[in-house]
Amino acid sequence: MRALRAAAAALVVAALLALPAAAGAATTSKLGPLSMGYGQTIWNYDFTEVPGSWNHVDWAASVLFYNNAEINKVKSAFGGRYWLFGSKKHAYMNNGSGGLYDDDGGRKTDTPSCLGSTRHYREYAPPSSDRMGYNPSFGYYTFTTTHYDHHELCNDWYDDSEGTEADLYNRAVGKGWAAYHNYANFYNYEWRDEGNHHWRNNGYATYIRVP
Amino acid sequence: MPTGRSRSGRALLVALPALAVACGVAAAATATTPATPLIGGRVGAWDLRRLGAHAPLRIAPGHTGAEVRFRLPHGTRQGRPLWYLVRLQATVRFARGVHGKFLLTADVNGATAAQIPIVVRRGSLRLEELGLVEGRRTRTVAGRHARVDFRNYIQISGIRGGLNVLHFAIEPLIVRGLARPQTFEVAVLSNSGIEATRALPDELLLYARPPTVTAHVGEPVDIGYLLKRRGGWHDGPVEVHFAAGSLDLRGPDLQRHTRVDGGVHGTFTVSGDTPGAYTTMLAVPDRFNEPSTPVTVTILAETPDTAGPAGRLGRIGGGGLLVLVGLALLLRRRRPSGSGEAAT
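## Notes on the sheet that holds strand β14 (residues 212-216) of chain B
Residue and element names in this part refer to chain B. If you trace the 5 strands from one edge of the open sheet to the other, you get β14-β21-β20-β16-β18, paired in mixed fashion. Single-partner strands in this sheet number two, and they are β14 and β18 (254-257). With direction set aside, neighbouring strand axes in the sheet form an average angle of 20 degrees.

## Quick word on the environment of Leu166 of chain B
Residues and elements named next belong to chain B. Residue position: Leu166 is located in strand β10 (residues 162-176). Overall, the presence of 27 C-beta atoms within 10 Å leaves Leu166 in the buried class. Taking the C-alpha atoms as reference, Leu166 lies 7.8 Å from Phe70; in sequence the two are 96 residues apart. Among all residues touching Leu166, those that are not within four sequence positions of it are Glu67, Val68, Phe70, Val86, Ala106, Val108 and Ile194.

## Some remarks on the confidence of the model for chain A
With 88% of its residues at a pLDDT of 70 or more, chain A has an overall mean of 88. When the criterion is pLDDT under 50, residues 1-24 of chain A qualifies, and its contacts beyond four places in sequence or with other chains add up to 44 contacts.

## Thoughts on the pairing of strand β2 (residues 40-47) of chain A
All names here are of chain A. With 8 of 8 residues buried, β2 lies mostly within the body of the structure. Taken together, the 4 bridges between strand β1 (residues 33-37) and β2 define a ladder with antiparallel strand orientation. Bridge pairing links Pro33 to Trp43 in β2. Once β1 ends, the chain turns through 2 residues before running back antiparallel as β2, passing Tyr38 with a positive phi of about 55 degrees. Note: β2 against strand β3 (residues 57-68), 2 bridges, orientation antiparallel. By the bridge assignment for β3, Phe47 is matched with Val57.

## Observations regarding the sheet that holds strand β3 (residues 66-72) of chain B
Residue and element names in this part refer to chain B. Read across the sheet, 6 strands follow the order β3-β10-β5-β6-β7-β8 without closing on themselves; strand pairing throughout is antiparallel. At either end of the open sheet lies a strand with only one pairing partner, and these are β3 and β8 (135-142). This sheet shows a mean twist of 15 degrees between the axes of neighbouring strands, independent of strand direction. Looking at chain direction, β3 and β10 are connected through 7 bridges and run antiparallel. Its bridge partner lying in β10, Arg69 is registered against Val165.

## A look at the domain arrangement of chain B
For chain B, the assigned domains read domain 1 (35-197) and domain 2 (203-305). One C-alpha centre belongs to domain 1 of chain B, the other to domain 2 of chain B, and the line joining them spans 37 Å.

## Examining unusual backbone geometry
Only a minority of non-glycine residues have a phi that is not negative, and only a minority of peptide bonds are not trans. The linkage connecting Ala55 of chain B with the following residue, Pro56 of chain B, adopts the cis geometry, with an omega of -5 degrees. Within the element layout of this structure, Pro56 of chain B appears in the loop between β1 (44-47) and β2 (57-59). One non-glycine residue, His151 of chain A, adopts positive backbone phi at about 45 degrees. Among the structural elements, His151 of chain A can be located in the loop between β11 (142-150) and β12 (157-159). When the 16 C-beta atoms within 10 Å are taken as the criterion, His151 of chain A is described as partly exposed. Even without glycine at this site, Asp160 of chain A takes up a positive phi of about 55 degrees. Its place among the elements puts Asp160 of chain A in the loop between β12 and α3 (161-174).

## Observations concerning the interface of chain A and chain B
At the junction of the two partners, chain A supplies 27 residues and chain B supplies 33 residues. For the side of chain A that touches chain B, a count of residues per class yields 9 nonpolar, 15 polar and 3 charged.

## Topic: α3 of chain A
All names here are of chain A. Here α3 is 14 residues long and its end C-alpha atoms lie 20 Å apart, about the 20 Å a rise of 1.5 Å per residue gives. Every buried residue belonging to α3 is among Ser161, Glu162, Thr164, Glu165, Leu168, Tyr169 and Ala172, and all of these are buried. As for α3, its buried residues are in contact with β3, β8 (117-124), β11, β13 (179-185), β15 (197-201) and β16 (204-210). Remark: Gly176 follows α3 within two positions and exhibits a positive phi of approximately 90 degrees.

## Some details on the pairing of β16 of chain A
Residue and element names in this part refer to chain A. Taking burial as the measure, the 7 residues of β16 include 7 buried ones, the bulk of the element. Note: β3 against β16, 5 bridges, orientation parallel. For Val63, the partnering residue across the bridge sits in β16 and is Thr206. Bridging between β13 and β16 involves 4 bridges; their strand directions are antiparallel. In the strand pairing of β16, Asn185 is matched with Tyr204.

Definitions and limits used
Residues numbered from 1 in each chain as written. Chains lettered and ligands numbered in written order. Predicted model: local features only at pLDDT ≥ 70, side-chain atom pairs only at ≥ 80, totals over all residues. Pairing = 2+ DSSP bridges. Helix = DSSP H or I, 4+ residues; strand = E, 2+ residues; numbered from the N terminus. Axes fitted to C-alpha atoms, helices over the stretch in contact; angles between N-to-C directions. Buried ≥ 20, exposed ≤ 12 C-beta atoms within 10 Å, placed from the backbone. Contact = placed C-beta atoms within 7 Å. pLDDT = per-residue confidence, 0-100. Domains from an automatic or database assignment. Nonpolar A, V, L, I, M, F, W, Y, C, P; charged D, E, K, R; others polar. Expected span 1.5 Å × (residues − 1).

Here's what the structure looks like:
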């Protein structure tokens, strides 16, 4: 696991993609690529539009599924609770074949409403293969952003990345999967309010081993 | 007159049932758990027969997969110094009417080393193999039958001294038609098994030289690279790709090298029409670890020739900067040489 930690902690020099901002999008000063080893890189936020930029990020990457992860497999495994499609956002990554974007609506726990709240995660990997590359530390892996939607149809706000991260962790543990809560620093600590975007992310990602 | 048995007779009576029980236990043990072979500790390949299994191992709907047990010498660790690989050689066959996506996998002690998505379409199968020996191989096969021959390094956490379990499985993900009989059949063939090599997982190291460049509008600027390799697998042809983004690329966007040997150099040339910071990307796709590295290109508004007094100031400043850099280099050369090259 030391190799895992070392690989995840190796933050390479940030190369921000400076492009116009979208109205209402959140911003960050911590956008950057995380080197996963073997030429593979993921960016530590997802974006509201393509190309991505520090001034239209959506949420911080906070969960990494590894070992035998694949987008459809993970979504199926959590499908009992996370069953509803969400709106699409975009993540940037490099699996060694050059930079590319993946779009994902993710999965939510409930339908949007005026008074209800729904947990929501989006899972990313190159769209051609639905997993990042293979390496001897992680096996096959994907990465995920998390948050919590509130009152989406009336006076909406969004928060609690940590809570949804913990929810995925607890469900994985409940399945008997190995999981490591707040395992590796993804260098995306955000704890502030930005309009209705209430950042609640401690910067440490949870690792979930998919059997 | 007592007719009791002699001491030796009683001993025989006790011993015989005990012997019979012992024989029965031994026979049962042979039938259910064949002797687990001790392998590894040297370079070699251990196919299913040498692992004590009868090939082919068949996996059909309702099975959890097939597994083979083997032992490695006490203290064995992945890559210290031997690297262990899994080889998965199999045929897969899908019934008509089945559509969707399956994962064909091989793992050692739960650490997945082969994950091959198979997309089953009406008249074809699409397979994607991804590992550290052959890189990425995506192919489409006509019909509903395909053969797989895949090797990959086992995860570091997957290898340990003592008992190990090699497990093969196929998992339906999003599938229609699973209710049909004989939906699919996988035969894990005899050449599947475990291999040991001294060859490290091949790694290509791609460096941008330099990682950031600056030019003026319309001025061509070179983006150089150095590609090196590490590991023990055969050298071969590579293609270095360059993604220029919205910059103008002068010449083709890929360069071919027949071998990497001790390292190969190359240069791409770009120019920009609009000032700004651009992120470009050098990459070597489809080979081993598929390295890539970003190169930031900054395009400045004015060319040196058209600059006015400000340009002169800039040139003076630039000259001063060069002097400072020269001084820094001189000072650095007087210090003991540092560590080697940092990977990008």
